[in-house]
Amino acid sequence: MNAANGRLDDAITDFSRRRVDVDGVVKTVYVSGAGPGVVLMPEMPGISPDVLRLARWVRDAGFTVYVPSLFGLDGAYPTAEDGEKVVRRACVSAEFRAFAGGGTSPVTAWLRGLARQAHGECGGPGVGAIGLCFTGNFALTMTLEPSVIAPVVNHPSLPLDDPAGLELSDEDARAVQDRVERDGLTVLAYRFDNDRWCTGQRFAAYRALLGDAFDGRVLPGGAANTDPPPFFRDVVGTPHSVTTAHLVDKDGHPTLKARDEILDHLTARLHP
């Protein structure tokens, strides 16, 4: 483990490390728990200790949590220098569509396959999907997989250059809209009110697409953790990560309440 600002990387010893093949593309996935499956996607700059803390909360609430490695160094504490490098690589990767006009990120097809495998392994009525930041909207796109019935869209930041944009092709947007309406899905979403990466304009665009099926909840930016890891302090530079880097783990705190609401959302849909 490497110390950074007095904090440590996470060795991820309480998860099994798998190599998961979806249509010939193999990625590392960390799996732990028992019960219905929940795919928890990392935020920039990777599977940080805070992302793993959220994964453990999901696991301990009665689920099998799957955390795919999509970018960055797994378990690493988010420093500013390393985080900036990860962002730059992801923005030019063929797997992601970071900017307006790019449409749906191709990696979401792989993630839908992971959800399908998780449902096959875990059973139950379906699978949950939690997106964070760079992967925030991926949880919505994953509803194109019929097994995904509990999407949670946390502070979606893509496209980076259009605050009112959605990281969806027109065709996929129509397909998602049809799926949500047909199956009566609820899309739970969170942001801070002064987040410059996930704005009120973006939430308005979600509501325009999904109507009352979009349950967008906004927390005051003043409630955010004031001592996040360096990447979030120096690069993100704004309250952003409601249930990870900017969460305050104190009873009654708005961010901890948001975590509990997410766990309740998953429980209501996956543990009927």
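Quantities reported herein were computed from a predicted structural model and do not represent experimental measurements.

1. Things to note about the overall build of the chain
- Scanning the chain from terminus to terminus reveals eight helices and 10 strands.
- Against the globule reference of 19 Å for 272 residues, the chain gives a C-alpha radius of gyration of 17 Å, in line with a compact fold.
- For the chain, with 272 residues in total, the buried portion stands at 58%.
- Seen as two clouds, the 27 positive and the 35 negative side-chain charges of the chain have centres 1 Å apart.

2. Re the side chain of N137
- Within the secondary structure, N137 is located in the loop between strand 7 (127–132) and helix 4 (138–141).
- For N137, a relative accessible area of 2% gives the class buried.
- A polar contact of 3.0 Å, which involves the side chain of N137, links it to the backbone oxygen of E167.
- Setting aside chain neighbours within four positions, we find N137 in contact with V153, P156, E167, L168 and Y206.

3. A closer look at helix 8 (residues 254–270)
- Over its 17 residues, helix 8 runs 24 Å from end to end, which matches the ideal 24 Å to within 8%, given 1.5 Å per residue.
- Listed as buried for helix 8 are T255, L256, A258, R259, I262, L263, H265, L266 and L270.
- Contact partners of the buried residues in helix 8: strand 5 (37–40), helix 1 (49–60), strand 7, strand 8 (148–154), strand 9 (187–192) and strand 10 (214–219).

4. Describing the packing of aromatic side chains
- Under the counting rule described, the total for this entry stands at eight aromatic pairs.
- With 6.2 Å between their ring centres and 5° between their planes, F96 and F138 make a pair best called stacked. You can see F96 sitting in the loop between helix 2 (80–92) and helix 3 (107–122) and its partner F138 sitting in helix 4, a full 42 residues away along the chain.
- Residue class for F96 comes out buried when judged on its relative accessible area of 4%.
- Using a relative accessible area of 0% as the deciding quantity, one classes F138 as buried.
- Between Y206 and F214, the aromatic rings sit 5.3 Å apart at their centres with planes inclined by 10°, giving stacked as the arrangement.
- Grouping aromatic residues by their ring pairs yields a cluster made of F71, F96, F134 and F138.
- The lysine or arginine in question, R59, covers the ring of F15, its NZ or CZ lying 5.7 Å from the ring centre.
- Here the guanidinium or amino end of R259 rests over the ring plane of W57, the centre of that ring lying 4.5 Å away.

5. Brief notes about the packing of helix 1 against helix 8
- At their nearest, the axes of helix 1 and helix 8 sit 10 Å apart, and the two run at 45° to each other. Taken as axis vectors, helix 1 and helix 8 run oblique relative to one another. Considering the relative orientation of helix 1 and helix 8, their crossing is right-handed. For the pair formed by helix 1 and helix 8, the contact residues are L54, W57 and V58 on the first element and L256, R259, L263 and L266 on the second.
- Class assignment for the residues of the contact of helix 1 with helix 8 results in six nonpolar, no polar and one charged.

6. Here we look at the nonpolar core
- Core analysis: the biggest nonpolar cluster contains 83 residues, and L40, V58, I130, F134, L210 and L266 have the highest contact counts within it.
- What F134 contacts, discounting residues up to four positions off in sequence, is M44, F71, A90, F96, A98, S157, L158 and L160.

7. Quick look at the environment of N225
- Its location among the elements puts N225 in the loop between strand 10 and helix 7 (230–236).
- Residues N225 and H246, spaced 21 residues apart in sequence, show a C-alpha to C-alpha distance of 4.4 Å.
- When sequence neighbours within four positions are dropped, the list of residues in contact with N225 reads A245, H246, L247 and V248.

Calculation notes
- Residues numbered from 1 in each chain as written.
- Predicted model: local features only at pLDDT ≥ 70, side-chain atom pairs only at ≥ 80, totals over all residues.
- Heavy atoms only, no water.
- Helix = DSSP H or I, 4+ residues; strand = E, 2+ residues; numbered from the N terminus.
- Rg over C-alpha atoms; globule rule 2.2 N^0.38 Å.
- Buried < 20%, exposed > 50% of the residue type's maximum accessible area, 1.4 Å probe, protein only.
- Lys, Arg positive; Asp, Glu negative; His and termini not counted.
- Charge placed at Lys NZ, Arg CZ, Asp CG, Glu CD.
- Polar contact = N/O pair within 3.5 Å; in protein donor to acceptor, adjacent residues only side chain to side chain.
- Contact = heavy atoms within 4.5 Å.
- Expected span 1.5 Å × (residues − 1).
- Phe/Tyr/Trp six-rings, centres within 6.5 Å; stacked < 30°, edge-to-face > 60°.
- Lys NZ or Arg CZ within 6 Å of the ring centre and 35° of its normal.
- Axes fitted to C-alpha atoms, helices over the stretch in contact; angles between N-to-C directions.
- Parallel < 35°, antiparallel > 145°, perpendicular 65-115°, else oblique.
- Left-handed = near helix turned anticlockwise from the far one by under 90°.
- Nonpolar A, V, L, I, M, F, W, Y, C, P; charged D, E, K, R; others polar.
- Core = buried A, V, L, I, M, F, W, Y, C linked by side-chain atoms within 4.5 Å.

Shape is all these values report; function is a separate question.
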